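# What the coordinates show
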Amino acid sequence: MSEAPQQTSGGTAAPRVLSGIQPTADSFHLGNYLGAVRQWVAMQDTFDAFYMVVDMHAITVQTDPAALRRRTKVAAAQLLAVGLDPERCTLFVQSQVHEHAELAWVLGCITGFGEAGRMTQFKDKSAKQGSDSTSVGLFTYPVLMAADILLYTPDPVAGGQDLQVPVGEDQRQHLELTRTLAQRFNHRFGETFVIPEAYIPEASAKITDLQEPTVKMSKSASSPQGIIDVLEESGPMRKKIMRAVTDTGSEVLFDPENKAGVSNLLRIYAALGGGVTIKDLEKRYEGQGYGQFKKDLAQVVLDTFEPIRERTQKLLADEAELDRILARGAERAGAVASVTMDVVRDRVGFVGRGRAE
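Residue positions are given per chain, counted from 1 along the sequence in the order it is written. Local features are withheld for residues below a pLDDT of 70 in this predicted model, meaning they are given only at 70 or higher, and side-chain atom pairs are given and counted only at 80 or more; totals for whole chains, interfaces and linings count all residues. Remark: hydrogens and water are excluded; side-chain values derive from all non-hydrogen atoms of the structure.

### What to know about the packing of aromatic side chains
- Two rings from Phe, Tyr or Trp (for Trp, the six-membered ring) form a pair when their centres sit within 6.5 Å of each other. Planes less than 30 degrees apart are called stacked, planes more than 60 degrees apart edge-to-face, and all others tilted. For the coordinates displayed, the defined rule picks out eleven aromatic pairs.
- Each ring, one from Phe113 and one from Phe139, has its centre 5.0 Å from the other, and the planes form 40 degrees; the classification is tilted. A residue pair is termed long-range when its members are at least 10 positions apart, and Phe113 in helix α5 (residues 113-117) and Phe139 in helix α7 (residues 136-150) qualify at 26 residues.
- Considering the side-chain rings of Tyr269 and Phe293, the 5.9 Å spacing of their centres and the 20 degrees angle between planes classify their relative orientation as stacked. Residue Tyr269 is located in helix α10 (residues 260-272), and its partner Phe293 is located in helix α12 (residues 290-317); the two are separated by 24 residues in the primary sequence. Comparing Tyr269 with Phe293, the two get one shared label, buried.
- Among the aromatic side chains, those forming a connected cluster through ring pairs are Phe50, Phe92 and Tyr152. Counting from the N terminus, the helices are the DSSP runs of H or I reaching at least four residues and the strands are the DSSP runs of E reaching at least two. Here's how the labels work: a residue is buried when its accessible area is under 20% of the maximum for its type, exposed when over 50%, partly exposed in between, all with a 1.4 Å probe on protein chains only.

### Describing helix α1 (residues 30-43)
- Under the convention used throughout, the expected extent of a helix is 1.5 Å for every residue step, that is, one less than its residue count. A rise of 1.5 Å per residue sets the reference length of α1, with its 14 residues, at 20 Å; its end C-alpha atoms lie 19 Å apart and thus fit the reference within 8%.
- Given a residue, its bend is the angle between the two axes fitted to the seven residues that end at it and to the seven that start from it. At Ala36, α1 shows its maximal bend, which comes to roughly 35 degrees.
- Three or more residues of α1 are buried, namely Leu30, Tyr33, Leu34, Val37, Gln39, Trp40, Val41 and Met43.

### Structural notes on the packing of α1 against α10
- Between N-to-C directions, angles cover 0 to 180 degrees, with each direction set by a line fitted to C-alpha atoms, over the stretch in contact for helices. At their nearest, the axes of α1 and α10 sit 12 Å apart, and the two run at 45 degrees to each other. In this view, α1 runs oblique relative to α10, as classed from their interaxial angle. Where α1 crosses over α10, the handedness of that crossing is left-handed. Every residue of α10 that contacts α1 at Leu30, Tyr33, Leu34 and Arg38 is listed here: Ile268, Ala271 and Leu272. In this scheme, roughly parallel covers angles under 35 degrees and roughly antiparallel covers those over 145, while 65 to 115 is roughly perpendicular and the rest are oblique. Crossings are classed by handedness, with left-handed meaning an anticlockwise turn of the near helix from the far one by less than a right angle and right-handed meaning a clockwise turn. Between two residues, a contact is recorded if the distance between any of their heavy atoms is within 4.5 Å.

### Quick look at the nonpolar core
- For this analysis, a nonpolar core means a set of buried residues of the types Ala, Val, Leu, Ile, Met, Phe, Trp, Tyr and Cys, connected via side-chain atoms within 4.5 Å. Within the largest apolar cluster, 60 residues are counted, with the highest numbers of intra-cluster contacts made by Leu30, Tyr51, Leu79, Ile268, Leu272, Val301 and Phe305.
- Looking at this core, the element that brings in the most residues is α12, giving nine residues.
- Residues contacting Phe305, with those up to four places away along its chain left out, are Leu30, Tyr33, Ile228, Val230, Met237 and Leu272.

### Comments concerning the sheet that holds strand β4 (residues 163-166)
- With parallel pairing, five strands are arranged side by side in an open sheet as β3-β2-β1-β4-β5. Because the sheet does not close on itself, it has two edges, and the strands there are β3 (90-93) and β5 (197-199). Taken over all neighbouring pairs, the strand axes of this sheet differ in orientation by 30 degrees on average, direction set aside.
- What makes two strands pair is DSSP finding at least two bridges between them. Pairing of β4 with β5, which is carried by three bridges, proceeds in the parallel orientation. Within the sheet, the bridge partner assigned to Gln164 lies in β5 and is Glu197.
- Across the sheet, helix α13 (residues 319-348) touches β1 (16-21), β2 (48-53) and β3, and the angle it forms with β3 is around 100 degrees.

### Quick look at the UniProt feature "binding site: L-tryptophan" (unreviewed entry) in the protein
- The residues that UniProt annotates with the feature "binding site: L-tryptophan" (unreviewed entry) are Asp148.
- Within the secondary structure layout, Asp148 lies in helix α7.
- With near-sequence residues (within four places) excluded, Asp148 lies in contact with Leu18, Met52, Val54, His57, Gln94 and His100. UniProt positions are given in the numbering used here, feature names are shortened, and annotations may be inferred rather than shown by experiment.

This is the structure we're talking about:
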């Protein structure tokens, strides 16, 4: 149905993986990097990987068009800068493949109103915003996410049987809805979609706010001083780490319950430190206090992100080449998506478009 999946070195079909990231800020932050993006890089070698900048999801809230366009390209450049390779994965912008919107409409027509209304994220966000400020797009967001995934269903005839989606706890409910809709479509219209499975990557560090270390690092919830941005200049980045909340006392010990601040910094150091463990760090800084520990951590963070910032800036400086990379990705993604939609249109009973005489 869709194009043949990439092959592994052993000649078997590589499982397909699909994931996306929203362009809702001027930079990814440390939590994005460790929780998702860095793992995408490793997955290129073992999966037929499709990664997208989900700009259609970004407009479920009011967005400045110029900012969205800029942030979409910044997001794509960052993904390339951290190590995504257009020759080893398919990187594209969601809105450049129009089948996402078309399949979302079809799936929306087999989604119950109550099903969509039970989505936890919608209930939480609409409760905060109020009904007059909550868009229909936010309500149907999980259906578009289902379309994003199911468009890239592999073709069992071509050897593809696996469709995997990396998800955190906040997206698990949406993936369950995707599975339900795929099964419902298959039951009503015939076997069409491979049922996607959650891909659980290796446990990543749970990074919290530098100023409120009991709260997840988040663009929507954290203060600017609580977030480390991937593209941040070195001076401000170093200051944020040096000013990060620690705890009473001066021992560098991992104790999330009683020493949440220093425990968060230890997680960051271990995640970026090239194999050093938290136990190693506790021994290294025994009796030294927080000052030297923070100074060394700041250097580790700078050594990680300075090259990424430089590569991102270089990619953005050649906008024409960046556009070409994204166009090639959209073409490859569209080749898969269009074949999937041809089958969907036929299955639901749409009249095929003939040729005008």
